[in-house]
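Chains, contacts and geometry: an overview
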Amino acid sequence: MKKIIIFCVIFLTALYQNLAIAQTQQVQGTVSDKSGPVPGASVAEKGVSGNAVSTDENGRFRIALKGTSNTLLITGVGYIAREVKIAGQSSLKITLQEDNKTLDEVIVVGYNTQQKKVTLTGSASAISGPSIRKNTSASIQNGLVGKLPGFFAQQRTGRPGNDATTFYIRGVSSPNEGTNTPLVMVDDVEFTYEQLQRLDPNEVESITILKDASTTAIYGVRGANGVLLVTTRRGKTGPATISAKTEFTASQFTILPTYLDSYNSALLQNQAQINDNALAPVATFKPQWSDEDLELFKNGQDPYGHPNVNWKEALFKDYGSQYRTNLDVQGGTEKLKYFVSLGYINQGGQTRNYSKNQEVNGNFYHQRYNYRSNLDIGITKDLSMRFDLAGNYGEINQPSIYTPSINGNYNDPFYEYTSFYSLAPWAYPIKNPDGSWGYSNWQKTIGGGQYNAGNIIQRLTEFGYRRNIESNITLNASAVEKLNFITPGLSVKGTLAYTSNYGYYRSMSRQTAPSFIYNQATNTYAPRDNAVYDTPPLGLSYDPRFTYRALTAQAFLNYDRTFKKHHVTGMILYSRDSKTAQSADANFNFIPNNYLGYTASIGYDYKQKYLFQVNGAYNGSDRFDKSKRYGFFPAVSAGWNVAEEGFVKKNLEWLNQFKIRSSYGEVGQDKLPPGILYSYLQVYSPNNGIAQGDFGTQSTPVSGIQEGSLANNVTWERERKFDVGVDFSLLRSRISGTVDYFFNKRSDIITRRGTVSQIFGQDLAPINLTRTQNKGYEFELTYRDKIGKDFNFTLKGMYSLAENKILFQDEPDNPNRHQLYTGQSIGQVLIYKWDGFYSQEDLTDPAIPKPAGSVRAGDLRYADIAGNPDGSPDGKITEADRGFFAKPNLPSSTYSFQLGAGFKGFSFNVVFQGAANFNLRTNDSGILPFATNFLPIHQQSWTPELGNNAKLPLLTQNYNASSPQTYLSDFWYRSGNYLRLRTAEVSYTLPGKVTNKLKLQGIRLYANGNNLYTWSKLFNIYQLDPEATNGSTLQRMDYPPSKLYNMGISVTF
Amino acid sequence: MKINNIKLTLFILLSVLAGTFSSCKRTEIEPRDLNTEDIIWDETDQLGRKAEAYFNNIYTYLPNGFNRVGGDFLDAASGDAIPSRNNTSIENYTNGRLSDITNPDAYWGQSYSGIRHVNIFLANIDKVPVADAIKVPWKAEVRFIRAFLYFELLKRYGGVPLIGDKVFTLNDNMELSRNTVEETVNYITSECDAIKNDLKTDPIIDNLVGRITKGAALALKCRTYLYAASPLLNGGAVTNYTGAQALKTAGITSYPVQDDTRWQKVIQAAEEFFAYSTYFVIPTSNNPAYYTIFTNKKNAEVILAKQVANNFDLEINNSPVSYINNNTAAQGRTSPTQSFVDAFPTNTGLAISETGSGYNAANPYANRDPRLAATVFYNGLTWFKRGVETFEGGLDKKNDPIAQPVQTKTGYYLRKFMGDFSNSTSFSNQSHNFILFRLAEVILNYAEALNEVNRVEDAVTQLIKIRRRAGITAGVANRYGIKAGITQSELRDLIRNERRIELAFEEHRFWDVRRWKIGSSAISGPVYGTKITKNANGTYSYEKVQVGNMVFEEKQYLLPIPYDEIVKDGNLKQNPGWSEFN
């Protein structure tokens, strides 16, 4: 790969040299505004495309004229563009007027339409490329957290190649898993989440999220969850600009639990056994570890018989490394504009590199090559074409450590690290005195042998890898023809795009290798497995894993014309796409999922003052029956730029912009919940999950087939969205902001009925039934100013709230009203309410309600809230006492603060981001003693002395009343609220003098980071990241998210 | 504007659009590889191959009993055993935690699901032109399964909604009420009578073993009448709860009035079975060994068994925990109780408490009924070429919760149904067909009914058949330990004990203690095991120790209909004591 990059650099540099033509007449000058020189303004010669320079930090420029217009065009961000006649002068003083209203700021909305922000009537938020690139994470969506109001995201894991956040726009509206995900459109082509996370941020020009009906209605049946639009970079008229960027990143877990050492863990284990023995005392009882054992654990004098291994240190490095490099070329003429980019990222893992000398790479890593070539070709004056080819090729590698299937076959060092039975601090010595791999009788026999998986360091060293290899390709071609001969402003556009994602799986691994149990007394070595003294060769396996293809075709008729004060826009779109994917359900493998639709949009504004927009889509998806395929999704919106009114202009000079806008409309959602595909077809399924019969003395198997769940003609879910918002800016745009309130109601949510008796005898067909609402608000406030000549700064705050509620769900008329899901927020579970710990006295007190079964002092005590027919407490802890006592896992509010400052070549930017109002339930392997290794919090388990100050119930090996499996309570749900230093960046752009000497356009040095610091209670209690996957009993600890420390250099040639 | 350019543009656009539209003539827009209704009920297939697959699948609704409830035997809640693992769902039956939500038995929905598939089959099979010689037995067999599923509901809940041949659609009213016990019993028995002559006769040919025969229909009829005549359903019911009396009077939880002539129907049904069966015979001695009943696919003592491919799951799940089969340790999930072990007489047929039984408390497993060694692993029984060690600290009872998180709680493990691996070093696949009906049960049903109508000596004759087959010595006057002049009441206890040990772990005891209404004595109070200490001289000392406690409430005689079902169907009455809310 390196060779390819070097080749490209040489090739492109040569290209650049050829383009640089000898210069003729020189003009120089300075550009300034009221307060002083303007650096970075663009000075271009009119009529000669590509001949442009920018001003240096003192506002000076020098340009060689080649054409005949003798006119310079000066533009700068925040200034009104100016044309200056040269008229023989060779030295110019040019003053620019500040453009306070930023009226020309544009935002990309649906179907890549660039719309002036000031005339937008819908609700959309956007972020531009440079800001996205401040986040060094390998997955692009991780860079959006905290930067877009209404964007809710959680990064569940930091596993290389798999660390993308799951995100929602304005929260969720459907109780079904997997049907709340926003539509992702990259240059008008629908991408899957997997494809999105492989996109290189360097290729991205802007990302917009569309939030309300007015902006999403044109996506019709697919728009209800909001839309994330990605626009890639394109060529600009001018000489070739070559940018190269290289970054080195150190990654570190945000948090990985640090477990107690052997001595302290052994004390706790003994205590648990002492507690359990007290229940039914056995005279001969002795706890697991004698005083002698404890002493040896403590003094470390018997490292083979009584090991005390710091597994965290043994398994994990302090820092993982990540390397990223990008090279792109951008430029063009009127006839041909190009943006070509190459990128490479290598995201390393954090397990130690034990497999170094094995000639197979058993580390965690993700490496990816990205490429993109976006071409714009002007064929005639009226016809232009674009042709984009982009894609990536990547590998995700993980160690193969082979765990026996009886133990869940997790095959994951993180699971083993957290599991007490898999890897207690005394599990085994890593190496024996003779250099062979160590093992122990403890590990061999524990749990009846089900944790006898072998020495984990040995497995990381010798057991090889599992690897996923993936290739994404997207081809996107389109043509635009201006139809000015019919009427000015009319154009037609056609797009054809193809995208494909193909992946396979390969592993090179082994499952056994010899290790030995060393007996110091006899100085002998016994093999772990009597049959294994040899290391067998690695075994190869291969499996095609994933295939996805999508073909999209679109035809647009666009109209955009200004008649004096009236501005009219219009769009008619015919689009269709067809997606084909491999499915886990063999019946539906590679059946195209077709989508077809017409979209129309009409916009009108009067002097950018009164704004109207009507959008509509008529489209459908063939996942539904013919009769229910198509739907019409209209939206209307209007806006009023109050600040444009004469009386405002006259009286409130400080008010630059004040726009009130509102929209209302209906959008659809056509994703079907898992397991419901083609719900209008009834399927007779073979084998049905029940053990198949066979007959005869030879047990001849017979085939079976059975009626499957009933069919029903379901159709899309519909969401009515209302949005009202205000955009404002004042004090010459020093202060600007947006406030939005939304109220969405979703109906016809695809649901399985919950009220038909099992006497019916069959799973029921899904129907469009559940109704929910989702409301909330967002605000964004920015303050930017300059102090003196060189110092500028920006302060920005954002807050988003989205609160949902189930308005109707088909559920039995439960007499325990507090257990009805209707009225609750989405994602709630029925649990007990924790109410302290049972004391010894509580046990004998009949007035204290208790659950059935054995209860002992130190067990979790639950509140008795119901049980009697009239709903009053019944003095017993029963299922009736369960209620909704924990918040859902998805935060209902998220907020962020940004601070940016610049001084001469230095710039500084930090983003703090937080989320609130959500709970995280940790996994058993995260907190339950003997499921997890011992944490310091276990030392504060219940004792009579601690009483209700205890942090955990009585230590025991046999949970009954405290078990999160049988008595799940809010005790196990902890507040996930957090505040993070999400990104921070310091950069320095070398002064023009230095750059010029090096014959370069610019050099920028920067250091930045991600997730640098976190404030969260979960850090202290459970040593768990607050964004981790919400636990269930069966789940395990995952690879934690990472902090990234990054240093980079970016050079523009 | 140059016309050429426009032409070019239009040409390109039209080509693109034409390309897209041309694909409008789409085929295969939805799955074409699905089995749809007309493929299953193929009106041209004389062999009816898909219909046969549908028929085969209905067999999967026959109950299975091995480690059925959350990995444990149902009998681990019958007082015969307790689960070795902690916090298993089977404990709900004995720890007082059973409710209409926590009942771990899925047979309410499961049964009606099976019934629906039978009804679909009956409604459609006549479309398929299969020869009557094939079709007639098919219909009879699925109707047997339907009747059997109703019986499964009857023994759990009493009278249940009878839906006949109805296949419900989304437009049907599902607010069904329960039928009476009498209607349910009559439906099951009349179905048995209606189909018995359409079923295949016994013995069935080797490659159809497992299919339902006439013998099974007669045995089901006999069993149904037995439950109908027994105290619980025969006017007994559950009475100590609000509304209980009304349910009884309505005939839903039992016949409204007790009627001892119902025993006559059991006798008639048993006699009809014996008159029919020339194939089903019980050996006159303990040869072949008792355990072979459970390990042979075809057996003259077995009337119907649930067929599965040979495996050794049962051995892995229940063998003593020290036995490791190819790196997989056995799990020893089932711990038989001391009271169950004590229920086995000595080989004289006398109970261990009786004088002259030859029982030696210092060597408690010697000279016992041979069925004990075939049912329970006790300390010293040979397995994998060595003795089972359930003494304290022995290989199978290490008392080390870390190395052996699961071990016996009672000093015993379950041995029944396993192949003979006493001289093996690893398990091999073994026939494990769960027996649904076998001859010994019909004989015991018969004996019980005869005794209840006070034909005591006729009943003794039947009981002797069982004891002789078990390997009990003939003893005085060839009465196999049954004393001369035994009273009806004494014989009742003896028959019940015989049923307990002969049919142990075959999902009888759990229901028997309910239909006899003896829950408060049989499955309530302390549970005992044995604590075995190995002495220095190699002998063992035995001590009876309490290992648990069982809670039984009267309402448990009938199981609760799932809570959701009661709330969904306003006309469905919950069994007494369970309904906490309505």
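**Looking at the overall build of chain A**
- Regarding its fold elements, chain A presents 15 helices and 52 strands.
- In terms of overall dimensions, chain A is globule-like: its C-alpha atoms have a radius of gyration of 33 Å, near the 31 Å expected for 1053 residues.
- Seen through its principal axes, chain A has C-alpha atoms that stretch 110 × 70 × 65 Å.
- Buried residues in chain A amount to 57% of all 1053 residues.

**Some words on the sheet that holds strand β7 (residues 82-85) of chain A**
All names here are of chain A.
- What the four strands build is an open sheet, ordered β4-β3-β6-β7; its pairing is antiparallel. With partners counted over all chains shown, the strands left at the sheet margins are β4 (52-54) and β7, one partner each. Mean inter-strand twist for the sheet, computed between neighbouring axes without regard to direction, equals 25°.
- As paired strands, strand β3 (residues 42-45) and strand β6 (residues 71-75) are joined by four bridges and run antiparallel to one another. When the sheet's bridge partners are listed, V43 is paired in β6 with I74.

**Description of the packing of helix α5 (residues 132-157) of chain B against helix α7 (residues 214-229) of chain B**
Residue and element names in this part refer to chain B.
- Viewed as axis vectors pointing N to C, α5 and α7 meet at an angle of 20°, and their least axial separation amounts to 11 Å. In terms of orientation, α5 lies roughly parallel with respect to α7. The element α5 and its partner α7 pack so that their crossing is left-handed. Contacts between α5 and α7 pair F144, A147, F148, F151, L154 and K155 from the former with A216, A217, L220, R223, T224 and Y227 from the latter.
- Its residues assigned to classes, the contact of α5 with α7 comprises nine nonpolar, one polar and two charged.

**Brief notes about the confidence of the model for chain B**
- Averaged over every residue, the pLDDT of chain B is 90; residues scoring 70 or more account for 94%.
- Predicted complex metrics record ipTM = 0.87 and pTM = 0.83.

**A closer look at the sheet that holds strand β23 (residues 438-439) of chain A**
All names here are of chain A.
- Strand order in the open sheet formed by three strands is β23-β26-β27, with mixed pairing between adjacent strands. Every interior strand has two partners, whereas the edge strands, β23 and β27 (524-527), have only one.
- By the bridge criterion, two bridges tie β23 to strand β26 (residues 516-519) in an arrangement that is parallel. Bridge assignment links Y439 to a residue of β26, and that residue is I517.

**Structural notes on the environment of Y563(B)**
- Counting through the fold element by element, Y563(B) comes out in helix α20 (residues 563-568).
- For the pair formed by Y563(B) and G419(B), sequence separation is 144 residues and the distance between their alpha carbons is 41 Å.

**Examining the packing of aromatic side chains**
- Per the stated rule, a full pass over the model turns up 106 aromatic pairs over all chains.
- On the numbers, 5.5 Å between centres and 70° between planes, the contact of F253(A) with Y1039(A) is edge-to-face. Separated by 786 residues along the polypeptide, F253(A) in strand β18 (residues 238-253) and Y1039(A) in the loop between α15 (1017-1021) and β52 (1042-1052) bring together distant segments of the chain. Each member of the pair F253(A) and Y1039(A) is classed as buried.
- Where F55(B) meets Y59(B), the ring centres are 5.6 Å apart and the plane angle is 70°; that geometry is what we call edge-to-face.
- Following the ring pairs from residue to residue traces out a cluster consisting of W289(A), F297(A), F420(A), Y421(A), W426(A), W442(A), Y451(A), F930(A) and F934(A).
- In this structure, R515(B) is placed above the aromatic ring of Y227(B), and the distance from its NZ or CZ to the ring centre is 5.2 Å.

**Quick word on the nonpolar core**
- Counting residues in hydrophobic clusters, the biggest one holds 171 residues, and the most contacted among them are W41(B) and F144(B).
- Top contributing element to this core by residue count: α5(B), with 13 residues.
- Setting aside residues no more than four positions away along its own chain, F144(B) makes contact with I195(B), I212(B), A216(B), A217(B), L220(B), L304(B) and F437(B).
- Counting residues in hydrophobic clusters, the runner-up holds 53 residues, among them I456(A), Y832(A), Y838(A) and L860(A).

**Describing the interface of chain A and chain B**
- Of the residues lining the interface, 86 residues belong to chain A; the matching set on chain B comes to 82 residues.
- Carbon and sulfur atoms supply 61% of the area buried between chain A and chain B, which totals about 7,100 Å² over both sides.
- Considering only the side of chain A, the residues that lose the most area to chain B are Y684(A), F695(A) and I759(A), jointly responsible for 12% of the buried surface there.
- Our count for the contact surface shared by chain A and chain B stands at one salt bridge.
- E707(A) serves as the salt-bridge partner of R116(B), at 2.9 Å between the closest nitrogen and oxygen.
- For the pair chain A and chain B, the number of links is 15 residue pairs in polar contact (both at pLDDT 80 or more).

**Details of the pattern of salt bridges**
Residues and elements named next belong to chain A.
- Overall, the coordinates contain 81 salt bridges over all chains when judged by the stated rule.
- Here R372 ties to E203 by a salt bridge, and the two come within 3.0 Å at their closest N and O atoms. Note that R372 is positioned in strand β21 (residues 365-378) and E203 in the loop between α3 (193-196) and β16 (204-210), a separation of 169 residues in sequence. Judged on exposure class, the residue R372 and its partner E203 are both buried.
- Bridged by salt links that share partners, the residues R170, K211, K659, R661, D723, D727, D740 and E778 form one connected network.

**Let's talk about the pairing of strand β10 (residues 113-116) of chain A**
Residues and elements named next belong to chain A.
- As paired strands, strand β9 (residues 106-109) and β10 are joined by four bridges and run antiparallel to one another. The residue bridging V109 from the neighbouring strand is T113, located in β10.
- If you look at the hairpin formed by β9 and β10, you'll find three residues sitting between the two strands, and Y111 has a positive phi there, around 55°.

**Structural notes on the side chain of K214(B)**
Residue and element names in this part refer to chain B.
- Structurally, the position occupied by K214 is in helix α7.
- Side-chain polar atoms of K214 contact the side chain of N197, separated by 3.2 Å.
- When near neighbours in sequence (up to four residues on either side) are disregarded, K214 contacts K196, N197, L199, K200, D202 and Y276.

**Focus: helix α10 (residues 262-276) of chain B**
Residue and element names in this part refer to chain B.
- Its 15 residues give α10 an end-to-end C-alpha distance of 22 Å, which sits within 8% of 21 Å, the value for a rise of 1.5 Å per residue.
- All of the buried residues along α10 are R262, W263, V266, I267, A269, A270, F273 and Y276.
- Taken together, the buried residues of α10 touch α7, α8 (232-236), β2 (302-306) and α15 (439-452).

**Topic: the packing of α5(B) against helix α6 (residues 181-195) of chain B**
Residue and element names in this part refer to chain B.
- Close contact between α5 and α6 brings their axes to 9 Å; oriented N to C, the two are set at 155°. As the angle between them shows, α5 and α6 are arranged roughly antiparallel. In terms of crossing hand, the pair formed by α5 and α6 is left-handed. Between α5, through A140, R143, F144, R146, A147, Y150, F151 and L154, and α6, the contact on the second element is made entirely by V181, T184, V185, Y187, I188, E191, A194 and I195.
- The class makeup of the residues in the contact of α5 with α6 is twelve nonpolar, one polar and three charged.

**Overview of the confidence of the model for chain A**
- The pLDDT averaged across chain A works out to 86; a share of 94% of its residues lies at or above 70.
- Confidence, expressed as mean pLDDT per element, reaches its minimum in chain A at helix α1 (residues 2-19) of chain A with 48 and its maximum at β21(A) with 94.

**Focus: the environment of Y973(A)**
Residue and element names in this part refer to chain A.
- As for its position among the elements, Y973 is in strand β49 (residues 973-975).
- With 276 residues separating them in the primary sequence, Y973 and T697 have C-alpha atoms 54 Å apart.
- Setting aside chain neighbours within four positions, we find Y973 in contact with V829, I831, A886, N919, L920, R921 and L968.

**Observations regarding a nonpolar patch on the surface**
Residue and element names in this part refer to chain A.
- A grouping of I602, V614, V636, Y664, F722, V739, Y741, Y777, F779 and L781 is seen on the molecular surface, where their side chains present a nonpolar patch of about 880 Å² in accessible area.
- When residues of the nonpolar patch are traced back to their parent elements, those giving at least two are β39 (735-752) and β40 (766-787).
- Looking at the nonpolar patch element by element, the count peaks at three residues for β40.
- A residue is classified by how much of its surface remains accessible, and V636, at 46% relative accessible area, is partly exposed.

**Regarding helix α16 (residues 456-470) of chain B**
Residue and element names in this part refer to chain B.
- Taking 1.5 Å of rise per residue, 15 residues should cover 21 Å, and α16 covers 21 Å from first to last C-alpha, within 8% of that figure.
- When we look at burial in α16, the residues that qualify are V456, A459, V460, Q462, L463, I464, I466, R467, R469 and A470.
- Once α16 ends, the next one or two residues include G471, with phi positive near 100°.

Reading guide: rules and limits
- Residues numbered from 1 in each chain as written.
- Chains lettered and ligands numbered in written order.
- Predicted model: local features only at pLDDT ≥ 70, side-chain atom pairs only at ≥ 80, totals over all residues.
- Heavy atoms only, no water.
- Helix = DSSP H or I, 4+ residues; strand = E, 2+ residues; numbered from the N terminus.
- Rg over C-alpha atoms; globule rule 2.2 N^0.38 Å.
- Buried < 20%, exposed > 50% of the residue type's maximum accessible area, 1.4 Å probe, protein only.
- Pairing = 2+ DSSP bridges.
- Axes fitted to C-alpha atoms, helices over the stretch in contact; angles between N-to-C directions.
- Parallel < 35°, antiparallel > 145°, perpendicular 65-115°, else oblique.
- Left-handed = near helix turned anticlockwise from the far one by under 90°.
- Contact = heavy atoms within 4.5 Å.
- Nonpolar A, V, L, I, M, F, W, Y, C, P; charged D, E, K, R; others polar.
- pLDDT = per-residue confidence, 0-100.
- Phe/Tyr/Trp six-rings, centres within 6.5 Å; stacked < 30°, edge-to-face > 60°.
- Lys NZ or Arg CZ within 6 Å of the ring centre and 35° of its normal.
- Core = buried A, V, L, I, M, F, W, Y, C linked by side-chain atoms within 4.5 Å.
- Buried area = accessible area lost by both parts, 1.4 Å probe.
- Salt bridge = Lys/Arg side-chain N within 4 Å of Asp/Glu carboxyl O.
- Polar contact = N/O pair within 3.5 Å; in protein donor to acceptor, adjacent residues only side chain to side chain.
- Expected span 1.5 Å × (residues − 1).
- Patch = residues over 30% accessible without salt bridge, like charges linked within 9 Å, V, L, I, M, F, W, Y side chains within 5 Å.
- Areas by Shrake-Rupley, 256 points an atom, 1.4 Å probe, with all protein chains shown as cover.

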